[in-house]
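An overview of the molecular structure
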Amino acid sequence: MEADGAEKEVDTRFAAGGGGAEKKADRYPYEWQKLGLSGRIEEFDVCMSFLAGHFHELVVLPIFRAFETRSSIIPFTHFSSFTIPASATPNMNNSGSPQEMIPPVEGVAGGGTAYGWGDGSLQDQSILRGTIDPSRVPSSELVHVWCMPSTANVGPQETPRPLEPVSLLAARNERESIQIAIRPKVSWSGSSNAGVVQIQCTDLCSTSGERLVIGQSVTLRRVVPILGVPDALVPIYMPVSQINLLPGETTAIWVSIDVPSTQPPGQYDGELLVTATKTDAECAAQFLDKSEKYQVYRELRNCLDVIEHVDGKPVEEVVERAKSATTTLRRVLLSPSFSDFFSENGPLDMMDEDANLSIRLKLSLTVWDFVLPTTPSLPAVIGISDTVIEDRFGVEHGSAEWYDALELHFKWLLRYKISPYFCKWGNSMRVLTYTSPWPADHPKSDEFFSDPRLAAYAVPYSPVVPCGDLAKDYLQKEVEILRSKSHWKKAYFYLWDEPLNVQQYDAIRHQASEIHAYAPDARVLTTYYSGPSDAPLAPNNFEAFLKVPGFLRPHTQIYCTSEWVIGNREDLVKDIIAEIKPENNEEWWTYVCMGPSDPHPNWHLGMRGTQHRAVMWRVWKEGGTGFLYWGANCYEKATAASAEIKFRRGLPPGDGVLFYPGEVFSSSHEPVASLRLERLLSGLQDIEYLKLYSSRYGRDEGLAILEKTGMYLGPERYTLDHNPIDMMRGEIFRTCRP
């Protein structure tokens, strides 16, 4: 948020006397300096910025927070299935304060019934409720704060741990995340909530002056339960936000640090401050009433009118305007409305005053001189249902709004090192897949396919948006255009999902033959977990499964098999790979869909955090060169963006869903990531570490480090704790850094 960022910068400058180390000569013309005008302008600049910053704090934020709900979403507990209509607005209680909005998700949320107070030695809550002034009590006496790794599922009944400094390691072009858990010891609110805490995070700075900026490289999101399981990551405002806490329940904040690929290596330090505070209703008396606000507004408006249009004015007139504006600003700053910000010794820094009561968490990040490749080494192609987008967001197929919605989803998922494809399902598992909804000769298609973050793209077999004679010679024209591009090597055709009988296998052969007639080097991808059921290829199912490449060759180049087939028999992998012919440009990819189930790695809701991350460890250890996941937004049908979220019946919870519509949680149109999507990203980044290590010491050593650290030994033998992950990354940092 630019206003908040400016406020933070201005406060620092004001405390330092304005201007900091910035040279006046760089800011003001020589003629202005000669007449002494630069001092007036600088004084005006600093005063105006300071006032604007605190005006935002005193006037704008209380009004805004009275209506915003995004930063105060609470974990929903003790509710059965419910729906909030798209037009729902915050309900107001008798005091005029907004009630908490419950994210509309089908099911019963967990969370237990721990409304007793076993967290501290404080008195009976009926005596303390509403009698504590958090501005006079250290926050450490009111709340527990501690850190948890990104692989932890921090539920409402997570028990407190000691608060320790956070030390992280990240390469350039990598995201590293940590969770901050907060649990009230006592209630200090007069409402049903335990109280409100303010979360503030600083930039992370190096000793050489480089920084990772809050709101850009450093982001905070609140972990919101889905079906009682922590999963949705709802953005909160930065650099300062307020969070409501529930009695006897733990709340988690997900902190992500995105290191740009050009970030200089070194150690970056910062702080996260948690401060117990009063609710907006309790603070209302401390802010300006309507008449005072209007008076301040008029004064500020007059200042802008005086100073805004000085270009081309005579220097003498500019001097007089600056004097007038400075006088007005000084009068406003010294008015009773701002008396709390001044003492006899000058201005007070209210943030420093609050920080004395805050819980301070030290954040330290070591950025090392390894850059994760812009194009992921392992393509992770993941489906997005265009039908779900059309139904849920009310956009007509082929309309301008439809193209905009698809582009938003495509670009958002690229942040997760994913290569998205859109899909529309037909009869008998026939599927139309495409990465760009535009024809190959459209500039947007070239923009999509040329993006270096995209590792692979799906080419549609037939027109995505039928139009007149477009279907005639469509495939031939598309292929001829794409083959002339340098990004053609990323292209693949995904025609049918999990064929089951000879008829379906023959359909793949027919379509692939047509494609290869126009492009012999085209890659066709086929997912499967068995051979044709009506024409067994071998006496038993696994042997028949092994014969599929021979049955499909040369009509498939990417053989994508279910991890469910392998089960816990890693020794079967060599038999599968033996059937693949790399000399014919054939590849072996894998996928998960419904199965395998616990304890094997997958992305089902409620699985362990390391189990989610281990999906990619398994791919790397088994030697697959790509990965496919069938869907990331496959909820049950809904006709409103903010409608109740329902997982599809018959599927494990979370299967086919890796993100949620932003409108379910706020007015934002940007999708909301799940913890599982973040862990998918972490797994892809782990592959880059292992690939670097193997390039130095060989693949056998790369496999050995998985075992030596205890991180991953097999689909039923992987770490349940985060420490082995840090050990693996730390060892690669130690042995591979320049």
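Not measured: the values here are computed from a predicted model. (Residues numbered from 1 in each chain as written. Predicted model: local features only at pLDDT ≥ 70, side-chain atom pairs only at ≥ 80, totals over all residues. Heavy atoms only, no water.)

1. Notes on the overall build of the chain
- For the chain, the helix and strand inventory stands at 21 helices and 27 strands.
- Buried positions account for 56% of the 738 residues belonging to the chain.
- Partitioning the contacts of the chain with sequence separation of at least 6, the portion at a separation of at least 24 is 75%.
- Accessible area of the chain: about 31500 Å², with a carbon and sulfur share of 52%. (Helix = DSSP H or I, 4+ residues; strand = E, 2+ residues; numbered from the N terminus. Buried < 20%, exposed > 50% of the residue type's maximum accessible area, 1.4 Å probe, protein only. Contact = heavy atoms within 4.5 Å. Areas by Shrake-Rupley, 256 points an atom, 1.4 Å probe, with all protein chains shown as cover.)

2. As for the pairing of strand 16 (residues 419-425)
- When you tally the buried positions in strand 16, you get five out of seven residues, the bulk of the element.
- Judged from the five bridges that link them, strand 15 (residues 380-385) and strand 16 form a sheet pairing that is parallel. From the neighbouring strand, serine 385 faces strand 16, where its bridge partner is cysteine 423.
- Direction of pairing for strand 16 relative to strand 17 (residues 431-434): antiparallel, over a ladder of four bridges. The residue bridging cysteine 423 from the neighbouring strand is threonine 433, located in strand 17.
- The hairpin formed by strand 16 and strand 17 contains five residues between the paired strands, and serine 428 there has a positive phi angle of roughly 60°. (Pairing = 2+ DSSP bridges.)

3. Re the nonpolar core
- Within the largest apolar cluster, 93 residues are counted, with the highest numbers of intra-cluster contacts made by Trp368, Phe493, Tyr660 and Ile732.
- A total of nine residues in this core trace back to one element, the largest contributor, which is helix 19 (residues 675-697).
- With sequence-adjacent residues up to four places away left out, tyrosine 660 is seen in contact with Ile226, Asp231, Ala232, Tyr635, Ile645, Phe647, Phe665, Pro671, Val672, Ser674 and Arg676.
- Membership of the second largest hydrophobic core comes to 40 residues, among which are Val137, Ile182, Leu212 and Ile236. (Core = buried A, V, L, I, M, F, W, Y, C linked by side-chain atoms within 4.5 Å.)

4. Thoughts on the side chain of glutamate 407
- Tracing the backbone through its elements, the reader meets glutamate 407 in helix 10 (residues 400-414).
- The class for glutamate 407 is buried, based on a relative accessible area of 14%.
- A polar side-chain atom of glutamate 407 sits 2.8 Å from a polar atom in the side chain of lysine 411.
- Aside from chain neighbours lying at most four places away, what touches glutamate 407 is Trp438, Lys444, Glu447 and Phe448. (Polar contact = N/O pair within 3.5 Å; in protein donor to acceptor, adjacent residues only side chain to side chain.)

5. Re the pattern of salt bridges
- Scanning all chains against the criterion turns up 36 salt bridges.
- Aspartate 446 serves as the salt-bridge partner of lysine 485, at 3.9 Å between the closest nitrogen and oxygen. Taken together, the residues span a long stretch of sequence, with lysine 485 in the loop between helix 12 (474-483) and strand 19 (491-497) and aspartate 446 in helix 11 (residues 443-450) at a distance of 39 residues.
- Among the residues examined, lysine 485 registers a relative accessible area of 33% and is labelled partly exposed.
- Of the charged contacts in the structure, one is a salt bridge between aspartate 521 and arginine 483, with a shortest N-O distance of 3.3 Å. Of this pair, aspartate 521 sits in the loop between helix 13 (502-518) and strand 20 (524-528) while arginine 483 is found in helix 12, placing the two residues 38 residues apart along the sequence.
- Given a relative accessible area of 41%, aspartate 521 falls into the partly exposed group.
- Take arginine 483: its relative accessible area is 37%, and that puts it in the partly exposed class. (Salt bridge = Lys/Arg side-chain N within 4 Å of Asp/Glu carboxyl O.)

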